[in-house]
Amino acid sequence: MGEQHQVKFPQEVIDEYATLGVDLPALFSAGHLGTRMGVQIVEASADRVVGTMPVEGNTQPYGLLHGGASAVLAETLGSVGSMLHGGSSKIAVGVDLNCTHHRGVRSGLVTGVATPVHQGRSTATYEIVISDEDGRRVCTARLTCLLRDVRPGDGEHIRTAG
């Protein structure tokens, strides 16, 4: 769960953030909550974000994947896409998340794929489809993020390169 991996970013995004001295893997990660839950982002661009999460450790009392865990995966992936769409001058802040749970999962790994529904100047909306290892849809979510201008001090909690 604590292993490090390299997220695949488009070269223009790597270049943009490198000029700011920002560590992209730290900025576009699952954060502390996602790390505790084993969320791994494996691909990231404004047009598609893919991540995985283990079912083990993220279940409710009946042994099924917790709906809140699916929500964490969905919001993480949609937020990363929104941040990439907004670029380095914007901060993405989730304002609406809804999830429909289709089937239970007791083990294995689930994979979420976030794709844009709307990419505007002030908001971005992503649909996130979470599937089990057999490709069966477990959850469908939609996340809308507000894209606001970066303010002084916004980056103080983000580790920088170097």
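Here the structure is a predicted model, which means the values were calculated and not measured.

Visitor: Looking at this model, I keep getting lost on the sheet that holds strand β5 (residues 123-131). Mind explaining?
Guide: Backbone hydrogen bonds are what pair the strands of a sheet, in a parallel or an antiparallel way. Pairing within the open sheet is antiparallel, and its 6 strands lie in the order β1-β2-β4-β5-β6-β3. Sheet topology places β1 (40-45) and β3 (90-101) at the edges, where each strand pairs with a single neighbour. Each neighbouring strand pair of the sheet contributes to a mean axis angle of 20°, computed without reference to strand direction. The pairing of β1 with strand β2 (residues 48-54) spans 5 bridges and is classified as antiparallel. Considered in β2, the bridge of A44 is made with V49.

Visitor: Can you help me understand the pattern of salt bridges in this one?
Guide: If the charged atoms of two oppositely charged side chains come close together, the side chains can form a pair. The full count for this structure, using the stated rule, is 5 salt bridges. Salt-bridge contacts for E43 lead to R48; the nearest nitrogen and oxygen are separated by 3.1 Å. Judged by relative accessible area, which is 25%, E43 ranks as partly exposed. Judged by relative accessible area, R48 falls into the partly exposed class, the value being 37%. Taking the shortest distance from any N to any O, the salt bridge between D96 and R142 comes out at 3.4 Å. Taken together, the positions of D96 in strand β3 and R142 in strand β6 (residues 137-149) put the pair 46 residues apart, joining distant regions of the chain. Among the residues examined, R142 registers a relative accessible area of 37% and is labelled partly exposed. A single network of salt bridges, built from pairs that share partners, joins D132, D134 and R136.

Visitor: Please clarify how the environment of A114 should be interpreted in this entry.
Guide: Structurally, A114 is set in strand β4 (residues 109-119). Sequence spacing of A114 and E75 is 39 residues, and the spatial spacing of their C-alpha atoms is 9.4 Å.

Visitor: I'm lost on the side chain of T140 in this one. Help?
Guide: Note on placement: T140 falls in strand β6. Using a relative accessible area of 16% as the deciding quantity, one classes T140 as buried. Reaching out from T140, the side chain makes a polar contact with the side chain of H102 at a distance of 2.8 Å. A polar contact of 2.9 Å, which involves the side chain of T140, links it to the side chain of R137. Residues in contact with T140, not counting those within four places in the same chain, are N98, C99, T100, H102, E127 and I128.

Visitor: Can you walk me through a nonpolar patch on the surface in this structure?
Guide: Together, V93, V95 and L146 make up a nonpolar patch on the protein surface, roughly 220 Å² of accessible area in all. Relative to the assigned elements, L146 resides in strand β6.

The rules we used
All chains use their own residue numbering, which begins from 1 and follows the written sequence. Owing to the predicted nature of the model, reporting of local features is limited to residues with pLDDT of at least 70; listing and counting of side-chain atom pairs is limited to 80 or more, with chain, interface and lining totals taken over all residues. Side-chain measures were taken over the full set of non-hydrogen atoms in the model, leaving aside hydrogen atoms and water. Any two strands with at least two DSSP-identified bridges between them are counted as paired. Numbering of helices and strands runs from the N terminus; a helix is a DSSP stretch of H or I covering at least four residues, while a strand is a stretch of E covering at least two. Lines are fitted to the C-alpha atoms to define the axes, a helix being fitted only along its stretch in contact, and any angle between axes, read from their N-to-C directions, falls within 0 to 180 degrees. Any Lys or Arg side-chain nitrogen found within 4 Å of a carboxyl oxygen on Asp or Glu counts as a salt bridge. Between buried and exposed lies partly exposed: a residue is buried under 20% and exposed over 50% of the maximum accessible area for its type, with that area taken using a 1.4 Å probe on protein chains only. Identification of polar contacts relies on pairs of N or O atoms within 3.5 Å, with a donor-acceptor requirement for protein atoms, meaning one able to donate a hydrogen and the other able to accept it, and with residues adjacent in sequence counted only if both atoms are side-chain atoms. By definition, residues are in contact when any of their heavy atoms lie within 4.5 Å. Only residues whose relative accessible area exceeds 30% and that take part in no salt bridge are eligible for patches, with like-charged residues grouped when within 9 Å of each other and nonpolar side chains (Val, Leu, Ile, Met, Phe, Trp, Tyr) grouped when within 5 Å. Where accessible areas are quoted, they stem from the Shrake-Rupley method and a 1.4 Å probe; at the residue level, only the protein chains shown are allowed to cover.

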